[in-house]
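# Understanding the architecture of this molecule
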Amino acid sequence: MLLLKTWNSNVSKNIRGCCYVGFLFVFFKGVYDIVNNLGSLVARFIFLPIEESFYVFFAKVLERGKSVKDQKKDDVAMAANVESLLKLVLLTGLTITVFGYAYSQLALDIYGGSMLSSGTGPDLLRCCSLYVLFLAVNGVMECFTFALMCKEEVARYNFVMLALSFTFLCISYFLTHWHGSVGFILANCFNMGIRIAHSIHYIYAYFQESAYRPLTGLLPSPFLVLIYIISGVITGFSEVFFCCDKGWMARLIHVSMGALCFGTTIVTMFCTERKLIHFVRRQFLPRYLKKGS
């Protein structure tokens, strides 16, 4: 199973690599590398540790290959915490996507000057911000499904993903010809969307015979969604009027607008997502305090 999974992973990476080298020009490849490295920092340092630790948690709590009826009720209740975990990564990803859109140009301008911020760089980083959202949700969903799947299910999943790799190749070809390196990232978003859809189907079917509905973690509060939309509109207009060739004072105004919207979003999150806040305090705060001591 491990060899099959590794082989499938290597084939997928090789297909993406061939697509990457064949479809992008050298200059765009350099810009893509820089932006992709910046965009992957969040996934590497925030989401990856969460996925690894909770994969171990789910694997210990639930037994592989058994239906929800055959699991202990207390274990199923603990595993249902995937609802709060999904909401945590979803809201984190949404925050990065919303504020990343309006501050990608400023970030690249500070990082690499006008060479990065005046070309396709900002659009690439904006798409990377969206891709982070897909990565975050998919990572948690797959760490849950892989912790439950038996060997036969994992093998079947790997063959499905292998077939989807060729679909990804075709979509990458058309999207890259349509919009260059931005299209390549959008193709990756499509690929993650397919994997998320598979995980949603698996999790829904697994919990169907129980009283828990963890997929509701993908539904944030409507009022919070409204705040995200308002913040996106305000920071978007702020970028148009104050960034990034109007001097440092205009940039400070742009950053201040973002800080105000970000603070409002966090306060709204604390007021509307009480269950999530309780989950974070229970699961993450003790670990942080333990590391600090």
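This is a predicted model, so every value here is computed, not measured.

### Examining the overall build of the protein
Scanning the protein from terminus to terminus reveals eleven helices and zero strands. Across the protein, helices and strands are ordered from the amino to the carboxyl terminus as α-α-α-α-α-α-α-α-α-α-α. Across the protein, every contact between residues at least 6 apart in sequence was considered, and the portion connecting residues at least 24 apart equals 79%. Carbon and sulfur atoms provide 69% of the accessible area of the protein, an area that totals close to 15600 Å².

### What about the nonpolar core?
With 52 residues, the main nonpolar core has Phe-58, Leu-62, Leu-85, Leu-86, Val-137, Met-141 and Phe-144 as its most contacted residues. Counting residues per element, the ones that place at least two in this core are helix 2 (26–61), helix 3 (73–79), helix 4 (82–112), helix 6 (121–148), helix 7 (151–207), helix 8 (222–242), helix 9 (248–272) and helix 10 (274–283). The contacts of Met-141, once residues within four sequence positions are left out, are Leu-86, Ile-196, Ser-199, Ile-200, Ile-203, Leu-215 and Leu-218. Ranked by size, the runner-up nonpolar core spans eleven residues in total, among them Leu-108, Cys-127, Cys-128 and Met-192.

### A look at the pattern of salt bridges
The final tally for this structure, using the stated rule, is six salt bridges. In this structure, the salt-bridge partner of Lys-275 is Glu-83, at a minimum N-O distance of 3.3 Å. Placement of Lys-275 in helix 10 and of Glu-83 in helix 4 is noted, with a sequence separation of 192 residues between them. Note on Lys-275: relative accessible area 53%, which makes it exposed. Classification of Glu-83 by relative accessible area gives buried; the value is 18%. Through salt bridges with shared partners, one network takes in Asp-123, Arg-126 and Glu-239.

What counts, and at which threshold
- Residues numbered from 1 in each chain as written.
- Predicted model: local features only at pLDDT ≥ 70, side-chain atom pairs only at ≥ 80, totals over all residues.
- Heavy atoms only, no water.
- Helix = DSSP H or I, 4+ residues; strand = E, 2+ residues; numbered from the N terminus.
- Contact = heavy atoms within 4.5 Å.
- Areas by Shrake-Rupley, 256 points an atom, 1.4 Å probe, with all protein chains shown as cover.
- Core = buried A, V, L, I, M, F, W, Y, C linked by side-chain atoms within 4.5 Å.
- Buried < 20%, exposed > 50% of the residue type's maximum accessible area, 1.4 Å probe, protein only.
- Salt bridge = Lys/Arg side-chain N within 4 Å of Asp/Glu carboxyl O.

Function cannot be read off these values alone, since they describe shape.
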